[in-house]
Amino acid sequence: ARAAREASNLLQTISSAQKSAVLQRIRQVLEERRAEIVLANQQDKEAAQREVEAGRLSSSLFKRLDIESGEKFATLLQGVDDVDRISDPIGQVTLARKLDDNLDLYRVVCPVGVCLVIFEARPEVVVNIACLAIKSGNAAILKGGKEAARTNQALAEAIQHAIATTPAAEGQTKFPERSIQVVSTRDEISSLLDMDRYVDLVIPRGSNSLVRHIQNNTRIPVLGHADGICSTYLDESADVKKAVHIVVDAKTNYPAACNATEALLVHASVVNSVFVEVARALLAAGVRLHADDRSLAAIEQAGLLLVDGAAALVSKATEADFGHEYTDMDIAIRVVDSLDEAIDHINAHGSKHTDAIVTEERKSAEWFMRRVDAAGVYWNASTRFADGFRYGFGAEIGVSTNKTHAR
């Protein structure tokens, strides 16, 4: 932590050009070490698969470990480029005011300092956090989950090598090598949580229990990314084509993600029309429907249970289904009688992450977006859009589900 604080102080003098040089060197080293990073990832997945088979690791957590399939590694590298391309936030003047003769006030963006980031699974987060920290002039101490230990270590070593081998021009401060550090044990985290003199912000990214544990065991400010209990509401004016496309994407595109929709709320006036087509599409995609009495009746009346295999995918919802993060091909369904009832349900059962409304009425959409208490509220868009990469930030650490911000 002391080394990170010293690095943080040095980072105040690093230029935008130096940050860019380090980021491009990180991309280069990651590409050069791709084979050994992938090998480490394969070893982590093999060990994790045994844990899944033994019932000690969830399948959704296992899915988050992979960084080699399809375009995932290429996306990882693209994220480095995207972070490099965004403008340097440090030093930007956000307010200027003349207070008196020869007395001017400026509000200038500055780094937070030292960030301790604790996360579960998703080893690409190591790269995301490192790049965002470098771009924003912050030092970062990272602690990933043990299920991705080999991949995390391989990525961290590549990043640290890249920093160490990036030359500084004459007269420039060399980029501090200890600006990005990785710790591996819980004991190290426990001691770091006591170091409020050196650590400025803790960012836990994972389950609600992880976030609560961190909040209860430190005096350091905590910016939490907790559960992703996201809802989509089909309003009485919902367009059926939009509804089908949005809901299927929000649920099936990546069910293990924190921005996947976990609950579908349906206005009573469209339960036998728009909802039936949405349910038909979800069943065709293999989604398990946990339906309340009215939505279940609509499914039965439409004959959807007669389709081969559909009956096995439909069950009666319990109260526990609402407010539950499945991170799998499951969705809880409830019929409501008004827009306000849908909003009240979301505010009572959601996690303040991301919620969406499907409607053709601007007035209803604006009311929904004003009243729903969430980090992101969408009109006719999938909750899966809640992502720093999609927002053009290059990468993200998480979606904060609390309301406090850096000073």
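Residues numbered from 1 in each chain as written. Predicted model: local features only at pLDDT ≥ 70, side-chain atom pairs only at ≥ 80, totals over all residues. Heavy atoms only, no water.

**Focus on a nonpolar patch on the surface**
Right, so step 1: On the surface, Val93, Tyr106 and Val108 cluster together into a nonpolar patch covering about 290 Å² of accessible area.
Right, so step 2: By the secondary structure assignment, Tyr106 is in strand β2 (residues 103–108).
Right, so step 3: For Tyr106, a relative accessible area of 51% gives the class exposed. (Patch = residues over 30% accessible without salt bridge, like charges linked within 9 Å, V, L, I, M, F, W, Y side chains within 5 Å. Areas by Shrake-Rupley, 256 points an atom, 1.4 Å probe, with all protein chains shown as cover. Salt bridge = Lys/Arg side-chain N within 4 Å of Asp/Glu carboxyl O. Helix = DSSP H or I, 4+ residues; strand = E, 2+ residues; numbered from the N terminus. Buried < 20%, exposed > 50% of the residue type's maximum accessible area, 1.4 Å probe, protein only.)

**A short note on the packing of helix α10 (residues 240–252) against helix α11 (residues 274–284)**
Right, so step 1: Taken N-terminus to C-terminus, the directions of α10 and α11 make an angle of 35 degrees; their axes are 9 Å apart at the nearest point. Both α10 and α11 take part in a crossing whose hand is right-handed. Mapping the contact onto sequence places Val240, Ala243, Val244, Val247, Val248 and Lys251 in α10 and Val274, Glu277, Val278, Ala281 and Leu282 in α11.
Right, so step 2: Residues belonging to the contact of α10 with α11 are distributed by class as follows: nine nonpolar, no polar and two charged. (Axes fitted to C-alpha atoms, helices over the stretch in contact; angles between N-to-C directions. Left-handed = near helix turned anticlockwise from the far one by under 90°. Contact = heavy atoms within 4.5 Å. Nonpolar A, V, L, I, M, F, W, Y, C, P; charged D, E, K, R; others polar.)

**Details of the packing of aromatic side chains**
Right, so step 1: For the coordinates displayed, the defined rule picks out zero aromatic pairs.
Right, so step 2: A cation sits over an aromatic face here: Arg334 above Phe322, 4.0 Å from the ring centre. (Phe/Tyr/Trp six-rings, centres within 6.5 Å; stacked < 30°, edge-to-face > 60°. Lys NZ or Arg CZ within 6 Å of the ring centre and 35° of its normal.)

**Topic: helix α1 (residues 2–11)**
Right, so step 1: Of the positions making up α1, those classed as buried are Ala4, Arg5, Ala7, Ser8 and Leu11. Relative to the axis of α1, the buried residues are bounded by an arc of 160 degrees and lie together on one face. For α1, exposure combined with an orientation more than 90 degrees from the buried face picks out Arg2 and Glu6.
Right, so step 2: Of the surrounding secondary structure, the elements contacted by the buried residues of α1 are β3 (114–119), β4 (139–143) and β5 (180–182). (Arc of directions from axis to C-beta.)

**Structural notes on the side chain of Thr261**
Right, so step 1: Of note, Thr261 is situated in strand β8 (residues 261–267).
Right, so step 2: Judged by its relative accessible area of 0%, Thr261 falls in the buried class.
Right, so step 3: Within the structure, Thr261 has its side chain in polar contact with the side chain of Thr383 (distance 2.9 Å).
Right, so step 4: Not counting residues up to four positions away in its chain, the partners in contact with Thr261 are Cys230, Ser231, Thr232, Ala250, Lys251, Ile331 and Thr383. (Polar contact = N/O pair within 3.5 Å; in protein donor to acceptor, adjacent residues only side chain to side chain.)

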